[in-house]
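Listed below, chain by chain, are the residues.
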Amino acid sequence: MIAEENLLERSQTLGTAALAQLRAASTELPAVVEVRGAGLLLGIELNDADLAEAVLYRCLSQGLSFKVGQGKVLVLAPPLNVDAADLDWALACVVDAVRAESHA
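Predicted, not measured: the structure shown is a model, and the values here were computed from it.

Q: Hey, could you go over the pairing of strand β2 (residues 41-46) for me, with residue numbers and the actual values?
A: By the criterion of burial, β2 is predominantly enclosed, with five of the six residues buried. Judged from the six bridges that link them, strand β1 (residues 32-38) and β2 form a sheet pairing that is antiparallel. Bridging from a neighbouring strand, Arg-36 pairs with Gly-43 of β2. Here β1 hands over to β2 after two residues, with Gly-39 in that stretch at a positive phi of 60 degrees. Relative to strand β4 (residues 73-76), β2 runs antiparallel, the two sharing four bridges. Looking at the pairing, Leu-42 lines up with Leu-76 of β4.

As structure tokens, this is what we get:
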């Protein structure tokens, strides 16, 4: 299935675009320490564990679920067949939540 649907290549393409989008947004978000990823496995390291938790719960209230690793890293791992529009929505949701909770 992975080979038939070209999911590896697709995840690399979408992941590269997602990293670029998140890195561009992070220039306006001082709370973001680093954005990293491999394919569609994305990590957004924040400067504060309490902020990471607040972002998680704000996103959950919007219908987006992910985990927090190492106390302050937002870990997004969408399915390899994620729709590009859904991925864009998820990234915007996270960026908006970081922005909102950083100013709360």
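From this point, the discussion proceeds with the structure in view.
Q: Provide a residue-level description of the sheet that holds β4, including the pertinent values.
A: Spatially, β1-β2-β4-β3 is the arrangement adopted by the four strands of the open sheet, whose pairing is antiparallel. Each end of this open sheet is capped by a strand with a single partner; those strands are β1 and β3 (67-69). With direction set aside, neighbouring strand axes in the sheet form an average angle of 25 degrees. Relative to the sheet, helix α1 (residues 7-26) contacts β1 and β2, its axis offset from that of β1 by approximately 175 degrees. Running at roughly 130 degrees to β2, helix α2 (residues 49-62) makes contact with β2, β3 and β4 of the sheet.

Rules and cut-offs
Residues numbered from 1 in each chain as written. Predicted model: local features only at pLDDT ≥ 70, side-chain atom pairs only at ≥ 80, totals over all residues. Heavy atoms only, no water. Buried < 20%, exposed > 50% of the residue type's maximum accessible area, 1.4 Å probe, protein only. Helix = DSSP H or I, 4+ residues; strand = E, 2+ residues; numbered from the N terminus. Pairing = 2+ DSSP bridges. Axes fitted to C-alpha atoms, helices over the stretch in contact; angles between N-to-C directions. Contact = heavy atoms within 4.5 Å.

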